[in-house]
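Here's the letter readout for the chains.
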Amino acid sequence: MNRSASQAQARDDRLKRLAENIDALVEKDAGSVRRSREIAALRRDAIAELYGICFDFVSAVNGLLSRGEVVLDPPEFSEGAFDEHAANMIQINVRGRILQVEFKTTAELVSTEDFRVPYTLEGFVRAFNQDLLDKDIIEEQLIFYTLEKKGRMWRFFDARTYRSGPFDQGYLIALMEQLI
């Protein structure tokens, strides 16, 4: 009898722990859903920021031109055009001198696989013109939307030189100067 009562008590204790663990899953799952929504909103804001950097650059250059035009594609930002499951592109074209900014979400919500600072969006900046294409050369650097302790920002990373810095108008000016 004693053994039977002991087994029943052990079973009841296990059932109680199982119920507590199941209840804890509800909170854990709610936290995961909340984190996914936060990262999705962060990604949307980051994409708008990336487009804004490119748009401001093109607008600033076009404002100073007396002839010619820098073309931004797409010409307007549309949050709905962003495909979370594929590569997305912004292109800046100056008479066949092209900067392509390609970006996509990371497989995980946050990654450190290709860059030491945690990031949630990744991609490439490609710079080329006809002379470079004739030599089978396309300049390419990595870009990341990083989640740094001091703030969030778009960064470029040159894998050849290990140089890194903010993806901003100064960076776009330097790339375009190389193509002109």
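Below is a summary of the structure that appears in this document. One numbering rule holds for all chains: residues counted from 1, following each sequence as written. Where totals are concerned, whole chains, interfaces and linings use all residues; where local detail is concerned, this predicted model gives features only for residues with pLDDT of at least 70, and gives and counts side-chain atom pairs only at 80 or more. Working from all heavy atoms in the structure, the side-chain values ignore hydrogens and water.

**Overview of the layout of surface pockets**
For clarity, the cut-off: Only protein atoms enter the 1 Å grid used here. Points where a 1.4 Å probe fits but cannot escape make up a cavity, open sets with protein on both sides within 12 Å along at least five of seven lines make up a pocket, and a residue lines them when an atom lies within 4 Å of a point. Grid points are joined across faces, edges and corners, and a volume is the space filled by probe spheres set on the points. To qualify as a helix, a DSSP run of H or I must reach at least 4 residues; to qualify as a strand, a run of E must reach at least 2; elements of each kind are numbered from the N terminus.
Taken as a whole, the largest pocket holds about 260 Å³ of empty space. Forming the walls of the largest pocket are 16 residues, and the residues nearest its centre are Val61, Leu65, Val70, Val94 and Met176. Among the elements of the structure, helix H1 (2-64) and helix H3 (169-179) are those that each provide at least two residues to the lining of the largest pocket.

**Considering unusual backbone geometry**
Comment: phi is negative for the bulk of residues other than glycine, and the bulk of peptide bonds are trans. Each neighbour pair has its own omega, and for Asp73 with Pro74 the value is 5°, a cis peptide bond. Note that Pro74 resides in the loop between strand S1 (71-73) and strand S2 (88-94). Non-glycine residue Arg95 carries a positive phi angle of around 50°. Mapped onto the elements of the fold, Arg95 is located in the loop between S2 and strand S3 (97-105). For Tyr162, which is not glycine, the phi dihedral falls at a positive 65°.

**Details of the nonpolar core**
Heads up, the rule is: Residues belong to a common nonpolar core when they are buried Ala, Val, Leu, Ile, Met, Phe, Trp, Tyr or Cys residues joined through side-chain atoms within 4.5 Å. Each residue is assigned to one of three classes by its accessible area relative to the maximum for its type, calculated with a 1.4 Å probe on protein chains only: buried under 20%, partly exposed between the two thresholds, exposed over 50%. It only takes one pair of heavy atoms within 4.5 Å for two residues to be counted as in contact.
Among the nonpolar cores identified, the biggest contains 34 residues, and Ile92, Trp154, Phe167 and Leu172 are the most heavily contacted of them. For this core, the secondary structure elements donating two or more residues are H1, S2, S3, strand S4 (119-128), strand S5 (139-148), strand S6 (151-158) and H3. Of the residues forming this core, the biggest block, 10 residues, is contributed by H1. Discounting chain neighbours no more than four positions away, the residues touching Trp154 are Ala46, Glu49, Leu50, Phe103, Leu121, Ile143, Phe144, Tyr145, Gly165, Pro166 and Phe167. Of all hydrophobic cores here, the second largest spans five residues; its members include Phe115, Val117, Tyr119 and Phe144.

**What about the packing of aromatic side chains?**
Two aromatic rings, taken as a pair, are described by how far apart their centres are and by the angle between their planes. For clarity, the cut-off: Any two rings among Phe, Tyr and Trp, with Trp reduced to its six-membered ring, count as a pair given centres within 6.5 Å; such a pair is stacked if its planes are under 30 degrees apart, edge-to-face if over 60, and tilted if neither.
Evaluated as defined, the whole model comprises 10 aromatic pairs. Ring geometry for Phe156 versus Tyr171: centroids 4.3 Å apart, planes at 10°, classification stacked. Pair noted here: Phe156 is in strand S6 and Tyr171 is in helix H3, with a separation of 15 residues, a long-range link. Judged by relative accessible area, Phe156 falls into the buried class, the value being 5%. Look at Tyr171 and you get buried, because its relative accessible area is 6%. Here a set of aromatic residues connected by ring pairs shows up, and it is made of Phe115, Tyr119, Phe144, Phe157 and Tyr162.

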